[in-house]
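Topology and contacts: notes
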Amino acid sequence: MISGIYIHIPFCSQNCKYCHFVTVPYDHKIIRKYQAGILKEITLYTEFLEERIQIDSIYFGGGTPSLLPGENLAEILNACRDHFNVSGDCEISLEANPDTLTDRKSSLYRKSGVNRISMGVQSFHDRELEVIGRLHTFDSILKSVKILRKKEFTNINLDLLLGIPLQTPGSWRENLRRVSETGFSHVSVYMLDLDEPCQLSAAVSDGSVSVPEDDTVAGLYLETIDILASYGYQQYEISNFAQTGRKCRHNLKYWRRKPVIGFGLASHSFDGYSRYANFRIMDQYFKALDESRLPIDWRKSLGKKEALAEMLFLGLRMNEGVQWDKLRHNYREDDLKDFENSLREFGDKGFVEWEGSTVRLTANGMLLSNEIFQQFV
Ligand code: SF4
């Protein structure tokens, strides 16, 4: 079995106004304790395994993993290599905020084996960055890209946020132009989500801040697919675009339902049959480890029907779509019938397309993906 490893680093030095992730204020004293916790979790996870698990992707996500000093990150990676069979060409990604990348830290990350950086850029416009509470600026983005290039990082993703306050069609198109000029190898385009409570959703509700109209955002998303393609970035998932050979191996595992082992606060895991998650509260996480228990909060085994629903709503996220013939090998016609009928109906409305036995979302279907996926869960 080949797996990925996800390591959650929950610390942040700021509170972005649109954030609804599990984060913990950055404090250098807690970093060492947290790192020791991750090392213990790795030991507990592997101590009774009969054989070592093969690993071909490791992903540090957050929070802000680039707040982690290079030495701490190296120790975590060394523990992974000591307890798992980490392949020589393992993709090792680290999420980074532009204002946190120094020359020394980037050098240590590179030496420890990190070969992919995912930068939370969000926008190249200082006023837009300020209004959503980001600490970096246009200049600090360029400075950090320069540092990364000097350290021979060639595989760099950036996240962009569509639909934020002050954004205009012109400023968005300029963001896309900057992506190609700056030479990133991968782009993730996310739409601002104000459904969950956060500072920005409160400000939009009370009218003190406004965001672009939904129709404008939808039009810009469709335009983005074509503009990025013209710059050499092919869409391969609803939010993800890559130059040739630069798709994110780790994230493909989630959409293809491959195993991923999560370590750290609030991390999620999938072993091919069940999903489980770690505690979201730091005290509970440390208490379990102090008692030499894995800090697992809940676990859910997936029945055959639930696995099928996942195959559909995760597979349809990708441009490669879902192979219906393959499903027919594993499922009875009765299990598939309702799903197939729904997909045919969405096909009539132009949201889904069938090509032989492959079914996939159209660009308009990607815009409505949440509504379409509700049919499967
Ligand atoms: S850096 Fe990311 S995780 Fe941290 S507060 Fe901002 S959006 Fe949230």
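On a predicted model such as this, the values are computed, not experimentally measured, just so you know. (Residues numbered from 1 in each chain as written. Predicted model: local features only at pLDDT ≥ 70, side-chain atom pairs only at ≥ 80, totals over all residues. Heavy atoms only, no water.)

Moving on, we get to the pairing of strand β6 (residues 116–122). Across the seven residues that make up β6, a large majority, seven, are buried. Here β6 shows two buried faces, one formed by R116, S118, G120 and Q122 and the other by I117, M119 and V121. Relative to β6, strand β5 (residues 85–96) runs parallel, the two sharing four bridges. Bridging across to β6, S93 finds its partner in R116. In terms of strand pairing, β6 meets strand β7 (residues 156–162) through four bridges, oriented parallel. Residue pairing across strands places S118 opposite N157, the latter belonging to β7. (Buried < 20%, exposed > 50% of the residue type's maximum accessible area, 1.4 Å probe, protein only. Helix = DSSP H or I, 4+ residues; strand = E, 2+ residues; numbered from the N terminus. Pairing = 2+ DSSP bridges.)

Now for the pairing of strand β4 (residues 54–62). The buried fraction of β4 amounts to eight of the nine residues, a majority that puts the element mostly inside the structure. Bridge analysis of β4 against β5 gives six bridges, and the strand direction is parallel. Bridge pairing in β5 links I55 to V86. Handedness of the crossover joining β4 and β5 through helix α2 (residues 70–83): right-handed. (Right-handed = clockwise from strand over helix to strand, strands pointing away.)

A complete count under the given rule lists 11 aromatic pairs for this structure. With centroids separated by 5.8 Å and ring planes inclined at 35°, the aromatic side chains of Y34 and Y285 adopt a geometry described as tilted. Placement of Y34 in helix α1 (residues 28–46) and of Y285 in helix α10 (residues 282–290) is noted, with a sequence separation of 251 residues between them. Residue classification places Y285 among the buried residues on the basis of a relative accessible area of 0%. Centre to centre, the rings of F313 and F373 are 6.3 Å apart; their planes meet at 45°, and the pair counts as tilted. With F313 in helix α11 (residues 304–315) and F373 in helix α15 (residues 369–373), this pair connects stretches of sequence that are 60 residues apart. Over the ring of F153 we find R110, and its NZ or CZ is 5.1 Å from the ring centre. Lying over the aromatic face of F270, R275 brings its terminal NZ or CZ to 4.0 Å of the ring centre. (Phe/Tyr/Trp six-rings, centres within 6.5 Å; stacked < 30°, edge-to-face > 60°. Lys NZ or Arg CZ within 6 Å of the ring centre and 35° of its normal.)

It is worth spelling out the sheet that holds strand β16 (residues 352–355) at this point. Think of a sheet as strands paired side by side through backbone hydrogen bonds, with each pair either parallel or antiparallel. Strand order across the open sheet formed by three strands is β15-β17-β16, with antiparallel pairing between neighbours. Two strands in the sheet have a free side with no partner beyond their single neighbour: β15 (322–323) and β16. The pairing of β15 with strand β17 (residues 358–361) spans two bridges and is classified as antiparallel. Paired with Q323 across the two strands is T358, which belongs to β17.

Moving on: the packing of α2 against helix α3 (residues 103–112). Direction vectors running N to C along α2 and α3 enclose 10°, while the axes themselves pass 9 Å from each other. Between α2 and α3, the crossing angle belongs to the class labelled roughly parallel. Facing G70, E71, L73, A74, L77 and R81 of α2, the residues of α3 in contact are R104, K105, L108, Y109 and S112. The class makeup of the residues in the contact of α2 with α3 is five nonpolar, two polar and four charged. (Axes fitted to C-alpha atoms, helices over the stretch in contact; angles between N-to-C directions. Parallel < 35°, antiparallel > 145°, perpendicular 65-115°, else oblique. Contact = heavy atoms within 4.5 Å. Nonpolar A, V, L, I, M, F, W, Y, C, P; charged D, E, K, R; others polar.)

What follows covers the domain arrangement of the protein chain. Split into domains, the protein chain comes out as domain 1 (2–255) and domain 2 (304–373). Once you take the C-alpha centre of each, domain 1 and domain 2 turn out to be 29 Å apart. With 13 residues of domain 1 at the interface, the matching set in domain 2 holds 12 residues. Of the roughly 1000 Å² buried where domain 1 meets domain 2, counting both sides, 66% is carbon and sulfur surface. Three residues stand out in domain 1 for area buried against domain 2, namely L222, I238 and W255, and they jointly supply 49% of the buried area on that side. (Domains from an automatic or database assignment. Buried area = accessible area lost by both parts, 1.4 Å probe.)

This part covers α11. Between the first and last C-alpha of α11 there are 16 Å, a value that for 12 residues agrees with the 16 Å anticipated at 1.5 Å per step. Among all positions of α11, only A307, L308, A309, E310, L312, L314 and G315 are buried. On its buried side, α11 packs onto α9 (249–255), β13 (274–278), β15, α12 (324–330) and α13 (333–348). (Expected span 1.5 Å × (residues − 1).)

The terminal C-alpha atoms of α13 lie 21 Å apart, and with 16 residues this matches the ideal 22 Å at 1.5 Å per residue to within 8%. Residues D335, L336, F339, E340, S342, L343 and F346 constitute the buried set of α13. On its buried face, α13 sits against α11, α12, β16, β17 and α15.

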